[in-house]
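Summary of the model geometry
Single-letter residue listing:
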Amino acid sequence: PVESQYHVASGGQSAGPFPIATLRQQAQSGQLTRETLVWKEGMAQWTKAGEVTELTSIFGTVPPPLPPA
């Protein structure tokens, strides 16, 4: 099967498409967060990465953001 490739919104610009392996590396380095908007062909609109079922596993080793103080 062909691996999904996602575009990522960063600084008001669209970057990509990136394979999930690259997104995992970006999540581990902090570049990609659950709040980062992503889109792939077939999606109706840009969606937060943490809300995309296919991407939730890449955040498994990344803690969620701290709650506001």
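Residues numbered from 1 in each chain as written. Predicted model: local features only at pLDDT ≥ 70, side-chain atom pairs only at ≥ 80, totals over all residues. Heavy atoms only, no water.

Turning to the sheet that holds strand β3 (residues 37–39), a few remarks are in order. The strand order β2-β1-β3-β4 describes an open sheet built from 4 strands, whose pairing is antiparallel. With partners counted over all chains shown, the strands left at the sheet margins are β2 (13–19) and β4 (47–48), one partner each. Lying over the sheet, helix α1 (residues 20–29) contacts β1 (5–10) and β2, oriented at roughly 120° with respect to β2. (Pairing = 2+ DSSP bridges. Helix = DSSP H or I, 4+ residues; strand = E, 2+ residues; numbered from the N terminus. Contact = heavy atoms within 4.5 Å. Axes fitted to C-alpha atoms, helices over the stretch in contact; angles between N-to-C directions.)

A few words on the pattern of salt bridges. Summed over all chains, the structure comprises 2 salt bridges. Among the ionic pairs, E35 bridges to K48, the shortest N-O distance being 3.1 Å. Here the residue E35 occupies a position in the loop between α1 and β3, and K48 occupies one in strand β4, the gap between them amounting to 13 residues. On the accessibility criterion, K48 (32% relative accessible area) is partly exposed. K40 is paired through a salt bridge with E54; the nearest N and O atoms lie 3.1 Å apart. Residue K40 is located in the loop between β3 and β4, and its partner E54 is located in the segment after β4; the two are separated by 14 residues in the primary sequence. A relative accessible area of 22% means that K40 is categorised as partly exposed. (Salt bridge = Lys/Arg side-chain N within 4 Å of Asp/Glu carboxyl O. Buried < 20%, exposed > 50% of the residue type's maximum accessible area, 1.4 Å probe, protein only.)

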